[in-house]
Structures are given as structure tokens and as C-alpha cells.
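In case you want the letters, here they are:
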Amino acid sequence: ALLVAGLAVVAGQLLRDGLLGLGAGLALAALLASLTTWRSVRHVRSLAARTAAAEAGERRLRTLLESIGEGFLLLDAEWRIAHATPQVAALLGRPIEALVGQVLWTAVPEALGSRVEAECRRALATGERVAFAAYHAPVERWFDVRACPT
């Protein structure tokens, strides 16, 4: 874009100084417009290709995570659930829609003050993996929990 703009300035000066005829000036302006359009189209195609590649990667990751036989939650830095597998939704007795996008402690309030909260916060604070057993009263089950901070 900077090169095209620079060429337009030079062409304008040549036209004003009479060193470039009006026909040649119009042809140059048309060429510059074509170059700008071509670059824009190329940029849009590049963005579309990168978006398609990212979406394909996300689909592969989702397929991989959902093929794991165990429940899996992916949390962001604010403890918001970014991904939940159908297995974890079933284990927690909640639909996926009630989990994804929610802060873990809001989506699973019984985890507040529990060993799950303490161990997960410890994993995040130390950057080390933790593994422990936790009882989840609403579904009356014990779970082996592994938290791996990234």
C-alpha cells in the first residue's frame, strides 16, 4: 500500500509538471487502482485461507478431545470453560451449553471451597500438574482429577 501510494504521488507530480501526458497519467492511475484491488483481493484470500485452516484445526482438536473416553474441560485464564466434552457434561449432570462460556465456579458452584478448587488453584499458582481424587456429591461419584496448567 505504501509503494502504491508513493507511485501515485510520483505520477501526480509528473502529470502536473507536464512530463506525463493525460492519457498516460490515466493509464497509470488505472494500473495503480488495479494493483490496489489485486492486493486487497490477495489479502482477503489470504485471510480466508488462514481462517479456514484455523477452523479445520479447531475441528480436529474438538474431534480429538471428544474421542477421549474421559471427561475433559478446557479453562481459560479467567477460569471460564472454553470447551467441555459430552463425557464431562454427563459426569457432572449438566448440559454442555450450561458449562461452556461459564466461569467454572459458577457452572459448578459445589466446587467452590472444595479440594477441586484448592488443587486447581495450586496447579495454576505453581505451574505444576496435580492429580487427586474428588467426590462430587450431586452425582454421588468419585472422580480422578488431573489439572495441567499451560
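Each remark here, short or long, concerns the structure printed above.
S.K.: What should I look at first to understand the nonpolar core in this one?
M.R.: Counting residues in each nonpolar core, the largest one holds 20 residues, and the members touching the most others are Ile81, Leu99, Trp105 and Val108. Looking at this core, the elements with two or more residues in it are β2 (81-84), α3 (86-92), α5 (104-107), α6 (115-126), β3 (130-136) and β4 (141-147). Once you skip the residues sitting within four places of it in the chain, Ile81 turns out to touch Leu73, Leu74, Leu75, Leu99, Val100, Gly101, Gln102, Leu104 and Ala107.

S.K.: Explain the pattern of salt bridges to me, please; I cannot follow it from the model alone.
M.R.: Opposite charge on two side chains permits pairing when their charged atoms draw close. A complete count under the given rule lists four salt bridges for this structure. For Arg115, the salt bridge goes to Glu119, with nearest N and O atoms at 3.6 Å. Here the residue Arg115 and the residue Glu119 both occupy positions in helix α6, the gap between them amounting to four residues, near one helical turn. The residue Arg121 makes a salt bridge to Glu117 at a minimum N-O spacing of 2.9 Å. Of this pair, Arg121 and Glu117 both sit in helix α6, four residues apart, roughly one helical turn. Judged by relative accessible area, which is 35%, Arg121 ranks as partly exposed. Each of Arg115, Glu119 and Arg122 takes part in salt bridges that share partners, so that together they form one network.

S.K.: Help me understand α6, please; the structure alone is not making it clear to me.
M.R.: A turn of α-helix holds 3.6 residues, and therefore any two residues three or four places apart point the same way. Along its 12 residues, α6 runs 16 Å from first to last C-alpha, staying within 8% of the 16 Å computed at 1.5 Å per residue. Every buried residue of α6 is accounted for by Glu117, Glu119, Cys120 and Ala123. Structurally, α6 contributes buried residues whose contacts are with α5, β3 and β4. Gly127 sits one or two residues past α6 and shows a positive phi near 75 degrees.

S.K.: Would you take a moment to explain the side chain of Glu117 for this structure?
M.R.: The class of Glu117 is buried, set by a relative accessible area of 14%. In this structure, Glu117 is in contact with Trp105, Ala111 and Leu112, ignoring residues within four places of it in sequence.

S.K.: Looking at this structure, how should I read the pairing of β3?
M.R.: Side-chain direction in a regular strand flips from residue to residue, so the side chains alternate between the two faces of the sheet. Here β3 shows a clear split, with Val130, Phe132, Ala134 and His136 buried on one side and none of Ala131, Ala133 and Tyr135 buried on the other. Between the antiparallel neighbours β3 and β4 lie four residues, among them Glu140 with a positive phi of about 50 degrees.

S.K.: Before we go on, may I ask you to explain the environment of Gly93 in this structure?
M.R.: Structurally, the position occupied by Gly93 is in the loop between α3 and α4 (96-99). Owing to a relative accessible area of 56%, Gly93 belongs among the exposed residues under this scheme. Each C-alpha atom, one on Gly93 and one on Pro138, is 8.1 Å from the other, the two residues being 45 residues apart in sequence.

S.K.: What's the story with the packing of aromatic side chains in this structure? I'm lost.
M.R.: Both the distance between ring centres and the angle between the ring planes are used here to describe each pair of aromatic rings. Throughout the structure, instances matching the rule amount to two aromatic pairs. Taking 5.2 Å as the distance between ring centres and 50 degrees as the angle between the ring planes, the aromatic pair formed by Trp79 and Trp105 counts as tilted. One end of the pair, Trp79, is in the loop between β1 (73-75) and β2; the other, Trp105, is in helix α5, with 26 residues separating them in the sequence. On the basis of relative accessible area, Trp79 is assigned to the buried category, the value being 14%. Here Tyr135 and Trp142 contribute two aromatic rings whose centre-to-centre distance is 5.3 Å and whose plane-to-plane angle is 55 degrees, an arrangement assigned as tilted. Exposure remark for Tyr135: the relative accessible area of 43% places this residue in the partly exposed category.

The rules behind the values
- Residues numbered from 1 in each chain as written.
- Predicted model: local features only at pLDDT ≥ 70, side-chain atom pairs only at ≥ 80, totals over all residues.
- Heavy atoms only, no water.
- Core = buried A, V, L, I, M, F, W, Y, C linked by side-chain atoms within 4.5 Å.
- Buried < 20%, exposed > 50% of the residue type's maximum accessible area, 1.4 Å probe, protein only.
- Helix = DSSP H or I, 4+ residues; strand = E, 2+ residues; numbered from the N terminus.
- Contact = heavy atoms within 4.5 Å.
- Salt bridge = Lys/Arg side-chain N within 4 Å of Asp/Glu carboxyl O.
- Expected span 1.5 Å × (residues − 1).
- Pairing = 2+ DSSP bridges.
- Phe/Tyr/Trp six-rings, centres within 6.5 Å; stacked < 30°, edge-to-face > 60°.

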